[in-house]
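Geometric and topological summary
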Amino acid sequence: EVCAEARMYMLRRTASACAAGGVLAAGAYAAQGGDEGRRSVLLGLARADEQLRPALAALLPAEAFVALYSASRTPFLGALAASAGCGALPSAPSIGLRAMGLSFRNDLGNAAGLDKDGTLLDFNYALGAGYAVVGTVLSDPHSGNLFDFLGGLWRGNAWTPLPSSGGALNSLGLPSKGVEPALRNIAAFRERHGVPPQRAEHGRPAGDGGASFPVGVSIMGHPAHSDPADKLEGVLRCVRLCLPLADFIEINESCPNVHHGGGHGGDATAELRKRLEAIVAERDAAARGGGRRVPLLVKLGDLGEAEGTVRFLSRLGIDGVVALNTQKDYASFELPPADRALLDSYTARYGGGLSGPPILDRSSAQAAAAQAA
C-alpha cells in the first residue's frame, strides 16, 4: 500500500491557508460573539487573507512577513480547533476506500505536521476528511527550533506561505507536547464521535460511515536524544503507547529540520533496518498478545530506487510508505520570482523544508513508482 502525500496535499494546503489567515482573523476570533459567527469569521477572513498574501508579501520586508505568519500560526490553529463544534457542516463525502485493511470514507486527509497534538481532529472530521494524521509526536515535550524575530521582539517556530505558488516553508523542528497529550486528545475524539480503532481486515468491502475515519500517529525519535539507543527507546515507547488507539502508525525517517543521527550509505541502511526491525517486533508482539495488528508506514524524503526501497521495507514487515516529506534542494523546483526571493531570504536565515504544490510533481512520480514496485 502507498499512502502518498502527493494525492492528499489539498487538505493540507487548505488548512495551511486557514492557518495563515490568522494574520487577519486571530484578533477577530476573540471579539466575535456566537459560535456560528466565530467560524464564519475565521474561515471568511482566512480566504480573504489567501487572496491578500501576494500584496502583503510585496509590501512587507521578508523578515516582517515571515514573523507575522510565524507568530499567528499557533494561535489561529487553536482558534480553528475551538470552532469545530460551532454548528453543523455539510455531510462528509464518502467513496468507500480500503487500504492496509482499513476503511476510509475518502482519500483526502492531512499530512503529519499540521495537527501536532490531535487538537484538530474534530475540525478535520467535521470538514469531511477521510482520515487524519496526528503528530509528529515525541516521547517527551519539545519546543522545536526557536528563532528570534524582529530583533528579539518575538521568539518562536518559523514558517511562511509562498503566496504565488501556494507552497510553504517550515523550520518548525518537531514542536510537540509529548505523546501522552496527543493520545488523550485522540481518545477523547473517539469517544465524542463514536469512532473506535479499526482492526485491519483485508478482503472486506469499505464502510462509508463516520467510523471509517482512520486516525494515524506519526512518531520520530526525540531530537534531543543524542544516544541512538535512547532515541530508539523513545520511539518504541511511543509505539507501545499508540498501538491501542492508532489505526496506523507512521515512522518519520525524513524530517529535514532536525538531525537524525546515524551514518551514511551502508551504515545508514543497517541502522534503519535495526530501528525498523525493533519497531515491527514491538507491533507484532502486541498483536500476538491479543491486540490489533496496526499497519506501519515509513515516511521518507526520497524513495531513491523505488522498487528496491519498497522491497526492503516490505521484507521488514512495513505496510506502506509515505511519499514525500518536505524538500530541501530548493533550486530543483520552479517558483515565481516573488516566491523565489522569499524562499532565498527565508532559507538563508531559517533553513527549512519546502512543501505544497511546488513539490507535487516529484511526490506524484515517486508515489507512482512505489505503487508500481
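To keep things clear, this report deals only with the structure shown in the data block. Computed from a predicted model, the values in this text were never measured in an experiment. (Residues numbered from 1 in each chain as written. Predicted model: local features only at pLDDT ≥ 70, side-chain atom pairs only at ≥ 80, totals over all residues. Heavy atoms only, no water.)

1. With respect to the nonpolar core
Counting residues in each nonpolar core, the largest one holds 43 residues, and the members touching the most others are Ile219, Ile249 and Leu276. Of the residues forming this core, the biggest block, 6 residues, is contributed by helix α7 (residues 228-242). Apart from the residues within four sequence positions on either side, Ile219 is in contact with Thr136, Val137, Val235, Cys238, Val239, Cys242, Ile249, Glu250, Ile251 and Asn252. Ala158, Leu162, Leu343 and Tyr346 belong to the second-largest nonpolar core, a separate cluster that totals 21 residues. (Core = buried A, V, L, I, M, F, W, Y, C linked by side-chain atoms within 4.5 Å. Buried < 20%, exposed > 50% of the residue type's maximum accessible area, 1.4 Å probe, protein only. Helix = DSSP H or I, 4+ residues; strand = E, 2+ residues; numbered from the N terminus. Contact = heavy atoms within 4.5 Å.)

2. With respect to the pattern of salt bridges
In total, this model carries 14 salt bridges according to the counting rule given. Between Arg53 and Asp49 there is a salt bridge whose closest N-O contact spans 3.3 Å. Residue Arg53 and its partner Asp49 are both found in helix α3 (residues 35-59); the two are separated by 4 residues, about one turn of the helix. For the pair shown, Arg53 and Asp49 are each scored as buried. With its nearest N and O atoms 2.8 Å apart, the salt bridge here joins Arg275 to Glu253. Here Arg275 is found in helix α8 (residues 266-288), whereas its partner Glu253 is found in the loop between β10 (248-252) and α8, with 22 residues between them in sequence. Using a relative accessible area of 17% as the deciding quantity, one classes Glu253 as buried. (Salt bridge = Lys/Arg side-chain N within 4 Å of Asp/Glu carboxyl O.)

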